[in-house]
Amino acid sequence: MHTPSQPPAPSYPLTELCVLADLPPRTVRYYVQIGLVDRPQGETRAARYGASHLEQLLLIKKWTAAGLSLERIRELLHGGSAPVPPRAPAMGSVSVRSHLMVAEGIEVVIDPGLAGLSPEQVRHFTRAVMAAFAQVQGEGATHTNQEENQDGQAQ
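Quick caveat: nothing in here was measured; it's all calculated off a predicted structure.

Rules behind the numbers
Residues numbered from 1 in each chain as written. Predicted model: local features only at pLDDT ≥ 70, side-chain atom pairs only at ≥ 80, totals over all residues. Heavy atoms only, no water. Buried < 20%, exposed > 50% of the residue type's maximum accessible area, 1.4 Å probe, protein only. Helix = DSSP H or I, 4+ residues; strand = E, 2+ residues; numbered from the N terminus. Arc of directions from axis to C-beta. Contact = heavy atoms within 4.5 Å.

**Student:** Go over helix 1 (residues 14-21), please, and point to the residues and values.
**Tutor:** Within helix 1, burial applies to Leu14, Leu17, Cys18 and Ala21. The arc enclosing the buried residues of helix 1, seen along the axis, measures out at 100°, which places them on a common side. Opposite the buried face of helix 1, at more than 90 degrees from it, the exposed residues are Thr15 and Val19. In this structure, the buried residues of helix 1 make contact with helix 2 (25-33) and helix 3 (51-65). Of the residues trailing helix 1, Asp22 is marked for its positive phi of about 55°.

What follows is the structure, given as structure tokens:
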């Protein structure tokens with residue numbers, strides 16, 4: 001009985017890997033040096049890279065293009081959760097937001113869907129913000145009265 005043999009795993013020299021990943025050799029060596037990419041098999045010019053190296057480089061390239069730091073990429077490569085990119089609103093989509101006018105110059109914009117808030121939670125949040133603002137205003141008035149009293153006593 002003849003068993004079909006599996007094709008050999010791809011193996012690339014550094015120059016070929018760099019062409020496939022569209023990265024300069026210096027960058028690939030740096031990623032290996034800092035541990036973002038696995039070490040190749042072999043040393044110096046005889047070093048060979050496989051499909052897993054290419055996959056790592058392509059992921060790193062994608063994540064750096066998205067603005068992630070190399071430290072965050074290290075976390076992701078070692079099992080951290082992937083970042084969830086914000087989804088751009090589609091043409092014609094409707095978004096409902098609440099605008100809470102706290103005072104002149106102070107407005108809070110709430111997107112309940114994006115924030116994951118129920119209507120009751122939005123009402124509770126609104127009451128809490130207004131109560132906090134009233135407390136801050138009350139504290140400001142108390143400090144002003146105390147300062148006036150101290151000024152009057154000093155004269």
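**Student:** Just give me the short version of unusual backbone geometry, but keep the residues and values in it.
**Tutor:** A positive phi is found at Asp22, a non-glycine position, where the angle reads about 55°. The residue Asp22 is located in the loop between helix 1 and helix 2 in this model. Since its relative accessible area comes to 57%, Asp22 is described here as exposed.

Function-wise, these values are silent; they only describe arrangement.
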